[in-house]
Amino acid sequence: MSVTIEERGRPNTQDYRVFFKNSEGKYISPFHDIPIYANEAENIFHAVVEVPRWTNAKMEIATKDPLNPLKQDMKKGNLRYVANVFPHKGYIWNYGAIPQTWEDPNHKDSDTGCCGDNDPIDICDIGNKVCSRGEIIKVKVLGTLALIDEGETDWKVIVINIEDPEAADFNDIDDVRRLKPGYLEATVDWFKRYKVPDGKPENQFAFNGEFKDRDFAIKTVKSTNKFWMALISKRTNAGELNCMNTSVSDSPFCCSAGDAEAVVKSACAFGAEDPIPSSVDKWFYDEK
């Protein structure tokens, strides 16, 4: 899947967007048009990198906007940056989502007892490479953590980029524990505390914060793909989500290349970036 990006607006401002194009140069949705599988027989999935490791800007697939470009999340009228909760610097993995998945907010998960968070399923790529924003990578699923984020199920799927030189050594969650000691514990710690600097309580987890294995994680990803299929075919109510796509031929939301181009052309022209506020570099410490 050869995908390129096109930036619009000025980076580090509210109007900044990252749009996606296929190998023919046609605009696509990273939510709906990038196939979930890179290799279905081998359970290799595509993932869209929203936040490169060690960066702070909370970039995400804009699920409610036409063509679902990446944009920076807003909180209380300000661009959202994730705090550096000591000893973590920004995100501690490449963070992103698996396309053609959806955590259905109307479906109560039998394992967690909570409904979905209305987003594509999230991934944490533990590979060595620091990816770039909007990069599409092929990943092996290793396990998953069930975050309960303000009462919603928010799966965090642990993956490794198959192009990582060490990828062959990683096939299940225990391999991460053995070969990257401390990384899983740091991951739980990160998700538990990342909203505390914003005045929110520590996050909770299903399964006592224990990671589920590869088979469980793959089953979970595949179930979110089924929810997405119902969404894109209008068998379920999309609510505020934007399902505009250019490739799902049997979808009532499928549009022409011209319609897609018009969306991108209506966005602000790409321009010089604003500086990132110096406050983004601040360390936050636990109050004892």
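Coordinates for the structure precede this section.
In short, a report on the structure. Only a predicted model underlies this, so the values are computations on that prediction, with no experimental measurement involved. Sequence order sets the numbering: in each chain, residues are counted from 1 along the sequence as written. At least 70 in pLDDT is required for a residue's local features to be given in this predicted model, at least 80 for side-chain atom pairs to be given and counted, and no such filter applies to totals for whole chains, interfaces and linings, which use all residues. The basis for every side-chain value is the complete set of non-hydrogen atoms in the structure, without hydrogens or water.

1. Side note on the pairing of strand S2 (residues 17-21)
Then comes step 1: Per-residue accessibility, obtained with a 1.4 Å probe over protein chains only, is compared with the maximum for each type, and a residue is labelled buried under 20%, exposed over 50%, and partly exposed between these values. In this description a helix means any DSSP run of H or I spanning at least four residues, a strand means any run of E spanning at least two, and both kinds are numbered starting from the N terminus. Counting buried residues in S2 gives five out of five residues, a clear majority hidden from the surface.
Then comes step 2: Burial along S2 is two-sided: the face carrying Arg17, Phe19 and Lys21 and the face carrying Val18 and Phe20 are both buried.
Then comes step 3: Should DSSP find at least two bridges between two strands, the strands are taken to pair. Here strand S1 (residues 4-8) pairs with S2 via five bridges, running antiparallel. Bridging across to S2, Glu7 finds its partner in Val18.
Then comes step 4: In the sheet, S2 pairs with strand S3 (residues 27-28) via two bridges, with the strands oriented antiparallel. Following the sheet pairing, Phe20 is matched in S3 by Ile28.
Then comes step 5: Linking S2 to S3, which pair antiparallel, is a turn of five residues; within it Gly25 sits at a positive phi near 80 degrees.

2. Quick look at the environment of Asn203
Then comes step 1: If you trace the backbone, Asn203 turns up in the loop between helix H2 (183-193) and strand S15 (204-205).
Then comes step 2: Once the C-alpha coordinates of Asn203 and Asp149 are considered, the two residues, 54 residues apart in sequence, prove to be 6.1 Å apart.
Then comes step 3: Here, residues are in contact when the closest pair of their heavy atoms is within 4.5 Å. Among residues more than four places away in sequence, those in contact with Asn203 are Leu147, Ile148, Asp149, Glu150, Phe191, Lys192, Tyr194 and Lys195.

3. Comments concerning the environment of Val280
Then comes step 1: Here Val280 shows up in the loop between helix H4 (257-265) and strand S16 (283-284).
Then comes step 2: For Val280, a relative accessible area of 10% gives the class buried.
Then comes step 3: Sequence-wise, Val280 and Leu184 are 96 residues apart; in three dimensions their C-alpha atoms are separated by 25 Å.
Then comes step 4: Not counting the four nearest positions on each side in its chain, Val280 is found in contact with Asn56, Tyr81 and Asn84.

Remember, this is a structural readout, not a statement about activity or role.
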